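# Understanding the architecture of this molecule
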Amino acid sequence: MNKLLALLLTSFFAVSSFAASHAGAPMAGASAAKAEAKAEKKETKAEKKAVKKTAKADKKTAKAEAKTEKKEEAKK
């Protein structure tokens with residue numbers, strides 16, 4: 001009985017010390033995934049900004065062309 005009790009206590013401490021050693025250390029894969037997601041989000045935001053800027057420039061160009069055409073028609 002003493003041997004059984006000693007074995008149970010020893011295994012309990014071994015398992016708890018093993019679990020405690022891994023509890024505080026963050027996993028490398030988790031932080032890498034976060035960084036990747038953050039970078040992807042940043043890229044998406046930059047792409048949206050570029051599309052918005054292009055659309056604004058196109059609208060401005062179209063407006064200028066319409067104004068020019070209007071002036072030319074008025075001269076005729």
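The structure contained in this document is the topic of the report that follows. This structure is a prediction, so every number in the text was calculated from the model and none was measured.

Turning our attention to the overall build of the protein chain. When helices and strands are tallied, the protein chain shows 2 helices and 0 strands. Relative to its 76 residues, the protein chain shows a buried fraction of 0%. Per element, the accessible surface of the protein chain, about 7800 Å² overall, is 65% carbon and sulfur.

A separate point is a nonpolar patch on the surface. Taken together, the side chains of Met-1, Leu-4, Leu-7 and Leu-8 present a nonpolar region at the surface, about 500 Å² in accessible area. Within the fold, Leu-4 resides in helix α1 (residues 2-23).

We now examine a positive patch on the surface. Side chains of Lys-59, Lys-63, Lys-67, Lys-71 and Lys-75 sit close together on the surface and give a patch of like positive charge. Position of Lys-63 relative to the elements: it lies in helix α2 (residues 28-75).

On the surface, Glu-36, Glu-40, Glu-43 and Glu-47 cluster together into a patch of negative charge. Relative to the helices and strands, Glu-36 is located in helix α2.

Calculation notes
Residues numbered from 1 in each chain as written. Predicted model: local features only at pLDDT ≥ 70, side-chain atom pairs only at ≥ 80, totals over all residues. Heavy atoms only, no water. Helix = DSSP H or I, 4+ residues; strand = E, 2+ residues; numbered from the N terminus. Buried < 20%, exposed > 50% of the residue type's maximum accessible area, 1.4 Å probe, protein only. Areas by Shrake-Rupley, 256 points an atom, 1.4 Å probe, with all protein chains shown as cover. Patch = residues over 30% accessible without salt bridge, like charges linked within 9 Å, V, L, I, M, F, W, Y side chains within 5 Å. Salt bridge = Lys/Arg side-chain N within 4 Å of Asp/Glu carboxyl O. Lys, Arg positive; Asp, Glu negative; His and termini not counted. Charge placed at Lys NZ, Arg CZ, Asp CG, Glu CD.

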